[in-house]
Amino acid sequence: MVGKDRGFQAFANILMVVLSALALIPFILLFISSFTDEQSLIVNGYSFFPKKWSLYAYQYLLTKSSSVLRGYGISFIVTVVGTAGNLLITLLYAYPLSRRELPGRNIFAFYLFFTMLFSGGLVPSYLMWTKMFHIRNTIFALLVPNLLLSAFNVIMMRTYFTANIPDAVVEAARIDGAGEFRILFGIVLPMSQPIIVTIVLLVGLGYWNDWMNGLYYLNDDRMYSIQVLLQHIQRNLDALKQQGQSGGNVNNANLPSTAVRMALTVMGVLPVLIVYPFMQKYFVQGIAIGAVKG
């Protein structure tokens, strides 16, 4: 029996090493490619051992340094504010749904679930946000549409509360005179660290990686987040290179579009890679408990 356990443990360790390598290798290749010469990429393709190294992609981005720093700043503000707002709304929606004594609980739950299946579509949403709420070219264009509330997150948090917050704890707090907000923020919230971290990570990633809202609602480059700005730079770079190839402009034709694309991706994903290891334990625990139990 001990031999079987050791054999299974060895197999599991080898399997996890292989899976970890498969997850890590693309990031290493991406990072190396961003430091590879453009012509080397075109002729030899992507390689872990490029024949010619180059910093030109990052030097090109440094020419846009003021815009890049502003984009990082806007992304940071939007991610922090949007994540905090989403978390607060999710809490205030999920906790009442977890209480069986809530009047009309099934109606609110159905309304939430209905939004997961049906929506008005892109054109009505665009008209609503721009004509009624006038968010075009404002910070709210990056904060509100599609990101401020997620029905999936509400259901996951409600499931966590239902499965892991004992009714006896809530009832004891009520007997002691605690109100609902005191129970939520003083008792329930401290007991829900895994699901809170999970929601923060999911929502934060959504805000940090979002570029669709910028594409739809922004045409002022001073309001571009880092993802919108990087996409804008790449689009301009492709246009310049195409113009150089068709018009005979050698300088434009030799612009490092492929290497810059890799460098842009590194700049976009690097903050996420730095933050995620510190939140991984709670993220896995929160996903497992919030999505399976209930």
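About the thresholds
- Residues numbered from 1 in each chain as written.
- Predicted model: local features only at pLDDT ≥ 70, side-chain atom pairs only at ≥ 80, totals over all residues.
- Heavy atoms only, no water.
- Phe/Tyr/Trp six-rings, centres within 6.5 Å; stacked < 30°, edge-to-face > 60°.
- Helix = DSSP H or I, 4+ residues; strand = E, 2+ residues; numbered from the N terminus.
- Buried < 20%, exposed > 50% of the residue type's maximum accessible area, 1.4 Å probe, protein only.
- Expected span 1.5 Å × (residues − 1).
- pLDDT = per-residue confidence, 0-100.
- Contact = heavy atoms within 4.5 Å.
- Core = buried A, V, L, I, M, F, W, Y, C linked by side-chain atoms within 4.5 Å.
- Salt bridge = Lys/Arg side-chain N within 4 Å of Asp/Glu carboxyl O.

A closer look at the packing of aromatic side chains
Next, step 1: Tallying each qualifying case throughout the model produces 10 aromatic pairs.
Next, step 2: Aromatic side chains phenylalanine 181 and phenylalanine 185 sit 6.4 Å apart centroid to centroid with 5° between the ring planes, which places their arrangement in the stacked category. Residue phenylalanine 181 and its partner phenylalanine 185 are both found in helix α10 (residues 180-188); the two are separated by 4 residues, about one turn of the helix.
Next, step 3: Residue class for phenylalanine 185 comes out partly exposed when judged on its relative accessible area of 37%.
Next, step 4: Grouped by ring-pair contacts, the aromatic residues Phe31, Phe35 and Tyr58 constitute a single cluster.

Examining helix α8 (residues 151-164)
Next, step 1: Along its 14 residues, α8 runs 20 Å from first to last C-alpha, staying within 8% of the 20 Å computed at 1.5 Å per residue.
Next, step 2: All buried positions along α8 are accounted for by Ala151, Asn153, Val154, Met156, Met157, Thr159, Tyr160 and Phe161.

Some words on the confidence of the model for the protein chain
Next, step 1: Of all residues in the protein chain, 85% attain a pLDDT of 70 or more, and the chain-wide mean is 81.
Next, step 2: By mean pLDDT, the top-scoring element of the protein chain is helix α7 (residues 140-143) (92), and the lowest-scoring one is helix α14 (residues 250-253) (51).
Next, step 3: With pLDDT under 50 throughout, residues 290-294 is counted as low confidence; its partners more than four residues away or in other chains account for 13 contacts.

Looking at the nonpolar core
Side chains that are nonpolar tend, in soluble globular proteins, to be buried together.
Next, step 1: Core analysis: the largest hydrophobic core is formed by 56 residues, its most contacted members being Leu61, Met157 and Phe161.
Next, step 2: In terms of residue count, helix α4 (residues 65-98) provides more of this core than any other element does, 9 residues in total.
Next, step 3: The contacts of leucine 61, once residues within four sequence positions are left out, are Val68, Ile233, Val260, Ala263, Leu264 and Met267.

Re the pattern of salt bridges
Next, step 1: Using the criterion set out here, one finds 7 salt bridges in the structure.
Next, step 2: Across the pair glutamate 171 and arginine 174 runs a salt bridge, and its minimum N-O distance is 3.2 Å. Remark: arginine 174 and glutamate 171 occur in helix α9 (residues 167-175); sequence separation between them is 3 residues, near one turn of the helix.
Next, step 3: We classify arginine 174 as partly exposed; its relative accessible area is 26%.
Next, step 4: The partner of glutamate 180 in a salt bridge is arginine 174, with the nearest N and O atoms 3.0 Å apart.
Next, step 5: Here the residues in one salt-bridge network are Arg99, Arg100, Glu101, Asp167, Glu171, Arg174 and Glu180, joined through shared partners.

Focus on the side chain of serine 225
Next, step 1: Inspection of the secondary structure assignment puts serine 225 in the loop between α12 (212-217) and α13 (226-247).
Next, step 2: Judged by relative accessible area, serine 225 falls into the buried class, the value being 5%.

Section: unusual backbone geometry
Next, step 1: Positive phi, close to 55°, is recorded for histidine 134, a residue that is not glycine.
Next, step 2: Among the secondary structure elements, histidine 134 is positioned in the loop between α6 (122-132) and α7.
Next, step 3: For asparagine 146, which is not glycine, the phi torsion reads 70° and is therefore positive.
Next, step 4: Along the chain, asparagine 146 turns up in the loop between α7 and α8.
Next, step 5: The exposed category is assigned to asparagine 146, whose relative accessible area is 64%.

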